[in-house]
Amino acid sequence: MLIDHNTFLLLKTTIKKDGWLELPSFGNSMYPFIQQGNLCRFVHCQTTLLKKGDVILFYTKSGKLIAHRLVSIKIEKNQRFFQLKGDTNLGFDQLIGEDQILGKLVSVQKKHRKLTPEGRLARFWGKVILTFPALSGILRRYLNSKLQF
């Protein structure tokens, strides 16, 4: 989803004020955990409490609003940078700073079912996708073949 910087600031103010923000998902980078059209709820979070495997909503310098999985945290010159990756993406996103983070995923509404990242299946999936990076390529090939039909 493309947004301008003022819209990002408005969303950041809203999530801080209300405590949460719900957005529909676009794309397939977090498939199968998050699929096109799922309603994702994000909460305001302290970046110091984020941990590997969390799904983070962030704003890129090119104006995209993206939710991807946290892979690692790097500290350079007393600043924290976050390495993120979509579950079906082959490569990592560019490092982002704390100021680019909007929130942390707390639920995914899939038609008549709500998933949380703390659920057993979601935790298992997060560990599998982080432990076996080759799985991203398999998922990408599956999605590409599915979209061709």
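The numbering scheme is per chain: residues are counted from 1 as the chain's sequence reads. Note on the predicted model: pLDDT of at least 70 is required for a residue's local features to be given, and 80 or more for side-chain atom pairs to be given and counted; whole-chain, interface and lining totals, by contrast, use all residues. The side-chain quantities take in all heavy atoms of the structure and omit both hydrogens and water.

Hey, could you go over the overall build of the protein for me, with residue numbers and the actual values?
Along the backbone of the protein there are three helices and eight strands. Start at the N end of the protein and walk to the C end: the helices and strands fall as α-β-β-β-β-β-β-β-β-α-α. The globule rule is 2.2 Å times the number of residues to the power 0.38, and the radius of gyration it is compared with is taken over C-alpha atoms. At 15 Å, the protein has a C-alpha radius of gyration in line with the 15 Å of a compact globule built from 149 residues. Three exposure classes are used, based on accessible area relative to the maximum for each residue type with a 1.4 Å probe and protein chains only: buried under 20%, partly exposed in between, and exposed over 50%. Out of the 149 residues in the protein, the part that is buried amounts to 44%. Pairs of residues are marked as contacts when any of their non-hydrogen atoms sit within 4.5 Å. In the protein, the share of contacts with a sequence separation of at least 24, taken over all contacts with a separation of at least 6, comes to 55%. For the protein, the accessible area works out to roughly 9100 Å², and carbon and sulfur atoms hold 58% of it. Numbering of helices and strands starts at the N terminus; helices are DSSP runs of H or I of at least 4 residues and strands are runs of E of at least 2. Each accessible area value is a Shrake-Rupley result obtained with a 1.4 Å probe; residue values ignore everything except the protein chains displayed when judging cover.

Mind laying out the confidence of the model for the protein, listing which residues take part and the relevant values?
Summary of the metric used: pLDDT quantifies the predictor's per-residue confidence within the range 0 to 100. The pLDDT averaged across the protein works out to 94; a share of 98% of its residues lies at or above 70. Confidence, expressed as mean pLDDT per element, reaches its minimum in the protein at helix 3 (residues 134-147) with 88 and its maximum at strand 2 (residues 39-43) with 98.

Please provide a residue-by-residue account of unusual backbone geometry, values included.
Residue Pro32 follows Tyr31 across a cis peptide bond; omega there is 5°. Among the secondary structure elements, Pro32 is positioned in the loop between strand 1 (20-24) and strand 2. Here the phi dihedral of Lys77 falls at roughly 50°; this positive angle occurs in a residue that is not glycine. Tracing the sequence through the fold places Lys77 in the loop between strand 4 (65-76) and strand 5 (79-85).

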